[in-house]
Structure formats: structure tokens, C-alpha cells
Amino acid sequence: MRRSIYIETYGCQMNFADTEIVNGILNEQGYELAKDVDTADAIFMNTCAIRDNAEQRIYGRLSNFEHLKKRNPHLVIGILGCMAERLRSSLLEENSSVDIVCGPDEYRRLPALIDEAFQGEKGIRTQLSRVETYNDIVPLRTDGISAWVSVMRGCDKFCTYCVVPFTRGRERSRTLEGIVGEVRELVGRGFREVTLLGQNVNSYLDGTNDFATLLEAVAAIDPELRVRFTTSHPQDMSPRLIDAIAGRPNICSFIHLPFQSGSDRILELMNRTYTRAHYLELVGRIRARIPGVSMSTDVIAGFPTETEDDHRDTLSLMEELRYDGAFMFKYSPREKTKAWKMGDDVPDDVKGRRLEEIIELQRRISYENNKALIGGTERILLEGPSKRSQEEWMGRTDTNKSVIVPKAGFSVGQYIDVRIVSATSATLFGEIVDEVSTRAA
Ligand code: 5AD
Ligand code: SF4
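Figured I'd write up the structure that's included with this text. Every value quoted in this text rests on a predicted model; they were computed, and no experiment measured them.

1. Details of the sheet that holds strand β14 (residues 325-330)
Spatially, β12-β13-β14 is the arrangement adopted by the three strands of the open sheet, whose pairing is parallel. In this open sheet, the two strands that pair with only one neighbour each are β12 (254-256) and β14. This sheet shows a mean twist of 10° between the axes of neighbouring strands, independent of strand direction. Alignment of strand β13 (residues 294-301) against β14, held across six bridges, turns out to be parallel. In the sheet register, T297 faces β14, and the bridge partner there is A326.

2. Regarding the nonpolar core
Ranked by size, the top nonpolar core spans 52 residues in total, and within it V194, L196, I255 and I286 carry the most contacts. The biggest single contributor to this core is helix α8 (residues 211-219), with six residues. Not counting the four nearest positions on each side in its chain, I255 is found in contact with F229, M237, I245, I286, I290, V293, S294, M295 and S296. The next biggest cluster of nonpolar side chains, apart from the first, holds 24 residues, and it includes F65, C82, A84 and V98.

3. Overview of the environment of P223
Positionally, P223 belongs in the loop between α8 and β11 (226-230). Its relative accessible area of 45% is what places P223 among the partly exposed residues. Residues P223 and R192, 31 residues apart in the sequence, show an inter-C-alpha distance of 9.9 Å.

4. Quick look at the state of the cysteines
The full count for this structure, using the stated rule, is zero disulfides. Between C102, a cysteine without a disulfide, and C82, which holds the nearest cysteine sulfur, the sulfur-to-sulfur distance is 12 Å. For C102, a relative accessible area of 0% puts it in the buried group.

5. Remarks on the site of ligand 1
All residues adjacent to ligand 1 are I50, R51, Y161, Q260, D298, I300, F329, K330, Y331, S332 and R334. At 3.0 Å, a side-chain N or O of R51 approaches an oxygen atom of ligand 1. At a separation of 2.7 Å, a nitrogen atom of ligand 1 approaches a polar backbone atom of S332. Surface burial for ligand 1 is 86%, taken as the share of its 400 Å² of free accessible area covered by protein chains. Of all elements in the fold, only β13 and β14 reach the threshold of two or more residues within the shell around ligand 1. Tallied by class, residues from the shell around ligand 1 come to five nonpolar, two polar and four charged.

6. Side note on the sheet that holds β11
Here we have three strands laid out as an open sheet, ordered β7-β10-β11, and parallel in their pairing. The open sheet terminates on both sides in strands that have one partner only, identified here as β7 (146-150) and β11. Strand-to-strand twist across the sheet, computed as the mean angle between neighbouring axes with direction ignored, equals 25°. Across five bridges, strand β10 (residues 193-197) lies against β11 in parallel orientation. Paired with T195 across the strands is R228, a residue of β11. Across the face of the sheet, helix α7 (residues 176-188) comes into contact with β7 and β10 while running at roughly 165° to β7.

What counts as what
Here the residue index of a chain counts from 1 through its sequence in written order. Labels follow written order: the first chain is A, the first ligand is 1, and so on. Two thresholds apply to this predicted model, a pLDDT of at least 70 for residue-level local features and 80 or more for giving and counting side-chain atom pairs, whereas whole-chain, interface and lining totals are computed over all residues. Side-chain figures throughout are based on the complete set of non-hydrogen atoms in the structure, without hydrogens or water. We call two strands paired when DSSP finds no fewer than two bridges between them. Secondary structure elements follow DSSP: runs of H or I no shorter than four residues count as helices, runs of E no shorter than two count as strands, and numbering proceeds from the N terminus. Interaxial angle, 0 to 180 degrees, is taken between N-to-C directions of lines fitted to C-alpha atoms, where a helix line uses only the stretch in contact. Nonpolar core, defined: a set of buried Ala, Val, Leu, Ile, Met, Phe, Trp, Tyr and Cys residues in which side-chain atoms within 4.5 Å join the residues together. Only protein chains enter the accessibility calculation, which uses a 1.4 Å probe. A residue is then buried if its area is under 20% of the maximum for its type, exposed if over 50%, and partly exposed in between. Residue contacts are counted whenever heavy atoms from the two residues lie within 4.5 Å of one another. The disulfide criterion used throughout: a pair of cysteine sulfur atoms within 2.5 Å. Proximity is defined per residue: any heavy atom of the residue falling within 4 Å of a molecule or strand makes that residue near it. Side-chain atoms alone can form a polar contact between residues adjacent in sequence; in general such a contact is a pair of N or O atoms within 3.5 Å, and within protein one must be able to donate a hydrogen while the other accepts it. Under the convention used here, a 1.4 Å probe and the Shrake-Rupley method define accessible areas, while residue burial counts only the protein chains that appear. Each residue gets one of three labels, nonpolar for Ala, Val, Leu, Ile, Met, Phe, Trp, Tyr, Cys and Pro, charged for Asp, Glu, Lys and Arg, and polar for the others, Gly among them.

Okay, here's the thing in C-alpha cells:
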């Protein structure tokens, strides 16, 4: 009898890409993918450990699965990803329902772990690797418009707040040939957009080729394929890379470039390796070289020792940059990191208030930026139905903004030109001007 497996994925896009790799590995070994938890023989959670609240969510979900296991004692439960790597055997010791713990570099071992678990044996694999990139594994994806392609793994930056270097290990890159081959196949299957992924994607280096070369090679596969990438570190944003984005129309004019804090003192404590002035200078160069580029960022509120002055520096940097979007977080202390030893001295209510101010400011700026687009024309790639109505499509601009348009006989995967008629801080609304008949992104 074929056993069926269900995987639920949490956290960053890297985890979603990893789940497709795991599905590829399991599919190859003859496992079936269950459509929902109730029919599965084994349930996995691909987990995130970046902040404590991410982990609390996983524990909440795990308790649901424990109920299922009471009804079906043969059910196998496994933890994959960053929590598996961070907590290792304590996950087994403290959660009697968990049978398998498998870290991000050990997915090739999963079929063996699963077989053992079905024999009633618990198993754990959490060795990190300096070489594993799953370059040869074909990720199992459902057909669609947009695909995630992981190109490098791990992180060597050691920002002092971040657990990623501990849960995902050292940086290593797939080969350019492997990535280009995978994207070619995706294009053949009808995908119209790929996002190249890595914890630190722009430090990609396969021994010979850097990230600029990789981006150009992927963009050259098909001029109608949109190429995106995430997430970048300012330190690796080389002039060649900026030129590559500027020089290829199908490399999207959108850069996610986390600054984390606007205060030089905090940036230093975070080990971000740049100052506010460096960052501003870099953004100035990017904006001069790539007209119309859209940018977004990550911001942390309440890092150890952060004062009101430091916080105001973050707000003023946001005002100065006027980015289109931001992911904004309350600082969460993580064991093993350097910042863990700095204490967690900003009270939770202060962190919460600072975060609210950051969110409110970003909402206002995003709204103003979006409002300024009303009346103009944007080319969008239709990605799927809009969330609020079956009569509308959601498409995305080259600059990564969502636009809602009437369906009007068009289909997913088409490029169309739309006039923007209204906007919120998160979404644009458009009317159709024209179908795009020429090959252009
Ligand atoms: N606390 C809060 N936010 C964090 N991030 C990473 N580690 C932490 C932490 N300990 C944020 C950073 C990073 C994003 C992926 O998550 O902003 O860019
Ligand atoms: Fe974490 Fe910094 Fe690496 Fe990003 S660059 S994964 S924030 S250590």
C-alpha cells in the first residue's frame, strides 16, 4: 500500500521551496502526497524558528495533530526545517507525539526516517552540511505561473539577532547550469515568472559565476519570463548586479533590501556591516541606475539597548527612503545568537508601540506612493483570481505591486496593460487598456 504524506509549510519562501524539494524526494521514492491532514499516513510541518511567535504557532498546530494521533495511533508526525535544526532531540523528548525530526540539510534521509517511523521507531537527523544544495533534485511543483527556485542555501553574515546561520548553516550555491536547466524546464511547462531564492541570494557564487552572471543567464532564457530574486544583503549589492537589473527588461525592477534599523549605533550592534550613510548612498546609486525601481525592506523594532532616539532614526530613514513596502518585526531574542547575550531590555509594550509607529508610517507612505500611480498605465502579468471576487484577476506589476482588474476574457499568464483607477496602501485597482501582443515583460 502506498503511504501518503501531508506537509504543511511555515515561514519564508525558502521553506516553501524546500517543501517542493522534499515532495520531489518523496515522490521519487513512491510516496503519495495527501490532499489534507485527515487522510494522511504521515504529517510533517516544515517549520520556522526566526522569532518566538513563529515557534509558538507551530506548537499550537502540533497540538491539533496530537488529537488526530489519539484517534489514529499509527499516524506519523514529523518536524522539518529550522525548528528541527534548532531544537533537535528536545523536540522528541518534550513532544511524545513527534516521531521524526529532520533538519534542512538532511532531507535525502527522509524516506529512510519515514520507513523506520512506520515500523514504530523514532528518528532524528540534524547534521548541517557545507555542500548540500539539492542541485540534482527535481522539486515537485504544481503547474502555475510563478515558481520559487532556490539557488543558494545558508548564511554567513551572522547578524547578531539572527538564528538563520545556526539553523541553515554555511552559505553554498547550486551550479549555474543546474539552475538554468531547471528554469528552462519551468518555461517549457508554461511558468512565466521565477523568483531566485536564497537567505542571502546576492552572495551567490558557484565557484565561477556570481549572482549578476546568474541573473543574466536566467533572464536570457526567455524575454517573456519575469525574473525576481530575494532576499538581498546591502553588502553584496554590487555595481555589476545593479547594472544587470538595469540592463535586462525582464529582470524585475524590484529590490527587497533590508536595512533593519536607521541608527548607526544599532546597525553596528547588529553587525550589519554598513552605516545609514552607506545604505543611503547605495539606494541613491540603485535609483539613479534603475529608473522607476521599487524597493522594500525589513525593519526590527526594539533591538537590545534601542533608545527613543534610535527608534526615531529608523522612522526618519523610512521617511527619507519612502519605500513601497516593508516587513516589520518586534525583536525576539534567539538563543545562540550574539544579541541573546545583550539581554532583551526594551519592554514589550515599548517594542509594541514602536512597531505600531513603524507600521503606521509605512502604511501612509505605501498609500501615498500607490495614490501617485492613479491615472498612469502599468503592464501586469495576470497571476490568478482576486481574493475578493471570482469576476476579477489579480496581476502584478514589474515593481511587484498587486493590481485587481476585471477578468474581461483574459487568462492567467497573459501580460496586459492597465490604467490605475484607484489604490489602497496594499493594492492597486485597474481598468484594461490593452492586451500586450508583443513579446515583452
Ligand atoms: N527578531 C525579530 N526579527 C528578526 N528577523 C530576523 N531575526 C529576528 C529576530 N530575532 C527579521 C529580520 C530579517 C527577517 C527575515 O526577519 O528583519 O530580515
Ligand atoms: Fe539572518 Fe542577517 Fe543572514 Fe539575513 S543576512 S539570514 S538577517 S544573519
